[in-house]
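# Fold and geometry: a report
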Amino acid sequence: MLVFSGGTGTPKLLIGLKDVFDESQLSVVVNTAEDVWVSGNLVCPDVDSVLYALSGRIDEERWWGVKDDTFTTHEVLRRLGYEEMLKIGDTDRATHILRSELLRAGRSLTEATQILAERLRVRAKVIPMTDDRVETLIRTTEGKMHFQEFWVLRRGEPEVLGVEFKGINEAKPSAAFLRELRKAFVVLIGPSNPITSIGPILRLRGIRDALKNKFVVAVSPIIGKKAISGPAAKLMRACGYEASALGVLRCYADFLDVLVVDVRDELVRGKKEVDGVRLLAADTVMNDVKRCECLAEFILDIVEAERLLPKRT
Ligand code: GDP
């Protein structure tokens, strides 16, 4: 199964899918538009979250970084008068150093990610959406800023006017992404930010059109009018979408077959179909592994009902 992923919600779902499905049959295409160089190394927040989730290392409080990490280097740098843009843990930094050394030695981001995945004993294919540089810039009333500056340094407070993906028109989907997409009958869009995490994947050349020929299931990261975490609701409104499950549906309307919404969501209660997209309700709040697995089972059932996946044993 091919999964499109950003951070937080989709890595949670991948933990469930890995338990109830064959991990080696999962291919995860991950957003790279939030990647940023920090202290000489390339941090890929979404790729790292996927790698750490699938290898059982993720910090389940923050849903990024490694659990029980230490911050010695970050603290020492601060004492030396150098303030890093992100609070990077020591173990997490080792991932960034190896990735960056591989890039400096001429490997592509796809190759570097594959090497990291192997060394972390991840059996799923983890594939960056592109090997080219794409940068998410948030246009605010206080000027244009990098996504990390907006979200981490400014805590998402500035008023947002729009979102830009610098380099997206020149960027090519990675060869591994195109290969997996050609093979896939089913694409699962995980509950990640539809604007800044899934949005860049969909903006790559040819991707939206290719999805029109697939069976596409998405899980809403929005319940009622709120995101479970992060700035998705604010960014959706700034980009002209309602911050709701139906707003998510409209982000994907041209290719989506099924939208999984939350059972608690009053705004879509009783709705079975909207604009040709089937709505199915489930418990989508993945507070523990059991709930991640239940949601994964629910999705596999939808796909099996379409007879597109081999029966689970
Ligand atoms: P960002 O945090 O908005 O920059 O983007 P991410 O790609 O990291 O995605 C975060 C999204 O995951 C948010 O929009 C959350 O609402 C969503 N999310 C986090 N946890 C869950 C969960 O347990 N269930 C669902 N359905 N969505 C979740």
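The present account deals with the structure reproduced in this document. The structure displayed is predicted, hence computed values, not measured ones. (Residues numbered from 1 in each chain as written. Predicted model: local features only at pLDDT ≥ 70, side-chain atom pairs only at ≥ 80, totals over all residues. Heavy atoms only, no water.)

### With respect to the nonpolar core
- Core analysis: the largest hydrophobic core is formed by 52 residues, its most contacted members being Phe4, Phe177, Val187, Ile189, Leu211, Tyr252 and Leu259.
- The element contributing the most residues to this core is helix H11 (residues 245–251), with five residues.
- Counting residues in each nonpolar core, the second largest holds 45 residues, with Leu14, Leu17, Leu42 and Val47 among its members. (Core = buried A, V, L, I, M, F, W, Y, C linked by side-chain atoms within 4.5 Å. Buried < 20%, exposed > 50% of the residue type's maximum accessible area, 1.4 Å probe, protein only. Helix = DSSP H or I, 4+ residues; strand = E, 2+ residues; numbered from the N terminus.)

### Notes on the site of the ligand
- In the region of the ligand, 21 residues are neighbours, and Gly7, Ser197, Pro221, Ile228 and Thr284 sit closest.
- In the model, an oxygen atom of the ligand is placed 2.7 Å from a nitrogen or oxygen of the Ile228 main chain.
- Compared with its free state, where it exposes 580 Å², the ligand has 96% of that area covered by protein.
- For the shell around the ligand, the residue count by class is nine nonpolar, 11 polar and one charged. (Near = heavy atom within 4 Å. Polar contact = N/O pair within 3.5 Å; in protein donor to acceptor, adjacent residues only side chain to side chain. Areas by Shrake-Rupley, 256 points an atom, 1.4 Å probe, with all protein chains shown as cover. Nonpolar A, V, L, I, M, F, W, Y, C, P; charged D, E, K, R; others polar.)

### Let's talk about the sheet that holds strand S8 (residues 160–166)
- Taken together, the three strands give an open sheet; going across it, the order is S7-S6-S8, and neighbouring strands pair in antiparallel fashion. With one partner strand each, in any of the chains shown, strand S7 (143–146) and S8 form the two edges of the open sheet. Pairs of neighbouring strands in the sheet enclose a mean axial angle of 25 degrees, with direction left out of account.
- Pairing between strand S6 (residues 135–140) and S8: six bridges, direction antiparallel. Note that in S8 the partner of Leu137 across the bridge is Glu164. (Pairing = 2+ DSSP bridges. Axes fitted to C-alpha atoms, helices over the stretch in contact; angles between N-to-C directions.)

### Remarks on the pattern of salt bridges
- Going through the model one piece at a time under the given rule, you end up with 22 salt bridges.
- Across the pair Arg62 and Asp59 runs a salt bridge, and its minimum N-O distance is 3.0 Å.
- Since its relative accessible area comes to 13%, Asp59 is described here as buried.
- When salt bridges with common partners are traced through the structure, they connect Asp262, Arg264, Asp283 and Arg291 into a single cluster. (Salt bridge = Lys/Arg side-chain N within 4 Å of Asp/Glu carboxyl O.)

### Comments concerning the packing of aromatic side chains
- Taken as a whole, this structure holds two aromatic pairs when the rule is applied.
- Between Phe4 and Phe177, the ring centres sit 5.5 Å apart and the planes meet at 90 degrees, which makes this aromatic pair edge-to-face. Of this pair, Phe4 sits in strand S1 (residues 2–5) while Phe177 sits in helix H7 (residues 175–183), and the two are 173 residues apart along the sequence.
- Exposure remark for Phe177: the relative accessible area of 0% places this residue in the buried category.
- Directly above the ring of Trp64 sits Arg62, whose terminal nitrogen or CZ lies 4.1 Å from the centroid.
- Here the basic side chain of Lys87 rests over the ring of Phe71, its NZ or CZ set 4.6 Å away from the ring centre. (Phe/Tyr/Trp six-rings, centres within 6.5 Å; stacked < 30°, edge-to-face > 60°. Lys NZ or Arg CZ within 6 Å of the ring centre and 35° of its normal.)

### Things to note about the pairing of S1
- The alternating pattern of S1 places Leu2 and Phe4 on one face and Val3 and Ser5 on the opposite face, and all of these are buried.
- Pairing between S1 and strand S2 (residues 27–30): four bridges, direction parallel. Counterpart to Phe4 in the pairing with S2 is Val29.
- Each parallel crossover has a hand, and the one from S1 via helix H1 (residues 9–20) to S2 is right-handed.
- Looking at chain direction, S1 and strand S9 (residues 186–189) are connected through three bridges and run parallel. Each bridged residue has a counterpart across the sheet, and for Phe4 the counterpart in S9 is Ile189. (Right-handed = clockwise from strand over helix to strand, strands pointing away.)

### Some points on helix H5 (residues 109–119)
- Every buried residue of H5 is accounted for by Leu109, Thr110, Ala112, Thr113, Ile115, Leu116 and Ala117.
- For H5, the elements touching its buried residues are strand S4 (41–43), helix H2 (45–54), helix H4 (90–104), strand S5 (125–128) and H7. (Contact = heavy atoms within 4.5 Å.)

Function-wise, these values are silent; they only describe arrangement.
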